[in-house]
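# Overview (structure and organization)
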Amino acid sequence: MRICASAAFQVVSGLPRRNGINHGREIAALSLDLLDIVKEFEIFHLPGEFLKIRIGLHTGPVLAGVVGRKMPRYCLFGNTIRLAEWIEQTGLPLMIHVSEVCKLLLDRVGGFDLSARDLQKMAQLDVHSHETLTYWLNGFKQSNRRYTRDVLFNT
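All figures in this text were calculated on a predicted structure; none of them were measured in a lab.

With that settled, the discussion passes to the packing of aromatic side chains. A complete count under the given rule lists one aromatic pair for this structure. Directly above the ring of Tyr-135 sits Lys-103, whose terminal nitrogen or CZ lies 5.2 Å from the centroid.

Written as structure tokens, this is what we have:
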């Protein structure tokens with residue numbers, strides 16, 4: 001049985017306080033931890049069925065602000081947001097899809113195992129259709145396994 005319930009959530013790091021290049025490491029570690037937890041989350045009313053999520057990672061500048069008077073909410077705007085949504089939407093269940101820009105950032109901070117996916121057509125995002133290489137975040141490098149919750153959030 002397959003049930004599709006579409007809900008999209010965005011998680012950011014480096015807002016409202018900037019944190020240099022650490023935002024990439026924090027979001028990648030969070031994504032890996034979240035994926036580990038979700039893989040074991042059995043849907044209560046559907047025995048044998050497990051929750052499946054897609055995760056997309058991208059990095060870049062955003063415009064942020066509070067929108068609304070009766071029910072104000074903190075919103076993010078810009079091309080970075082659209083690209084992050086596209087990366088998530090073109091991913092696969094139980095996989096972490098990473099943009100090329102985010103892959104370069106993760107290479108700089110080190111400690112993550114990434115592999116090339118393939119060229120992805122980005123026609124729906126802008127007037128000029130082009131292809132870009134995307135990646136899968138497979139996990140932590142063996143020597144860098146300590147980038148888990150205890151290191152990130154207890155420092």
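Now that the structure has been shown, the text picks up again.
Leu-57, Ile-96, Val-98, Leu-106, Phe-112, Leu-114 and Leu-137 are the most contacted members of the largest nonpolar core, which totals 17 residues. Looking at this core, the elements that each hand over two or more residues are α1 (22-38), β1 (54-57), β4 (95-98), α3 (100-109), β5 (112-121) and β6 (131-140). Top contributing element to this core by residue count: α1, with five residues. Those residues in contact with Phe-112 that sit more than four places away from it in its chain are Arg-25, Ala-28, Ala-29, Leu-32, Leu-106, Leu-137, Gly-139, Phe-140 and Lys-141.

Once that is clear, we can look at α1. Taking 1.5 Å per residue as the helical rise, α1 with its 17 residues ought to reach 24 Å, and the 24 Å between its terminal C-alpha atoms agrees with that figure. Where α1 is concerned, the buried positions are His-23, Gly-24, Arg-25, Ile-27, Ala-28, Ala-29, Ser-31, Leu-32, Asp-33, Leu-35 and Val-38.

Turning our attention to the pattern of salt bridges. Tallied over the full model, the rule gives two salt bridges. The residue Glu-88 makes a salt bridge to Arg-54 at a minimum N-O spacing of 2.8 Å. With Glu-88 in helix α2 (residues 79-89) and Arg-54 in strand β1, the pair connects residues that are 34 residues apart, well separated along the chain. For Lys-103, the salt bridge goes to Asp-107, with nearest N and O atoms at 2.5 Å. Taken together, the residues span about one helical turn, with Lys-103 and Asp-107 both in helix α3 at a distance of four residues. On the basis of relative accessibility, which here comes to 18%, the residue Lys-103 falls in the buried class.

With that settled, the discussion passes to the pairing of β1. Burial of β1 is one-sided: the residues Ile-55 and Leu-57 facing one way are buried, the residues Arg-54 and Gly-56 facing the other way are not. Strand direction decides the pairing type here: β1 and β4, joined by four bridges, are parallel. Pairing of Arg-54 across the sheet is with Met-95, part of β4.

In this sheet, strand β3 (residues 73-77) lies alongside strand β2 (residues 63-67) in antiparallel orientation, the contact comprising five bridges. By the bridge assignment for β3, Val-66 is matched with Tyr-74. Linking β2 back to β3 in an antiparallel pair, the connection comprises five residues, with Gly-68 at a positive phi of about 105°.

A word on the packing of α1 against α3. With their axes 9 Å apart at the nearest point, α1 and α3 run at an angle of 100° to one another. If you check the angle between α1 and α3, you find them roughly perpendicular. Of the residues in α3, those touching α1 at His-23, Gly-24, Arg-25 and Ala-28 are Leu-105, Leu-106 and Val-109. For the contact of α1 with α3, the class distribution of residues is four nonpolar, two polar and one charged.

Criteria and cut-off values
Residues numbered from 1 in each chain as written. Predicted model: local features only at pLDDT ≥ 70, side-chain atom pairs only at ≥ 80, totals over all residues. Heavy atoms only, no water. Phe/Tyr/Trp six-rings, centres within 6.5 Å; stacked < 30°, edge-to-face > 60°. Lys NZ or Arg CZ within 6 Å of the ring centre and 35° of its normal. Core = buried A, V, L, I, M, F, W, Y, C linked by side-chain atoms within 4.5 Å. Buried < 20%, exposed > 50% of the residue type's maximum accessible area, 1.4 Å probe, protein only. Helix = DSSP H or I, 4+ residues; strand = E, 2+ residues; numbered from the N terminus. Contact = heavy atoms within 4.5 Å. Expected span 1.5 Å × (residues − 1). Salt bridge = Lys/Arg side-chain N within 4 Å of Asp/Glu carboxyl O. Pairing = 2+ DSSP bridges. Axes fitted to C-alpha atoms, helices over the stretch in contact; angles between N-to-C directions. Parallel < 35°, antiparallel > 145°, perpendicular 65-115°, else oblique. Nonpolar A, V, L, I, M, F, W, Y, C, P; charged D, E, K, R; others polar.

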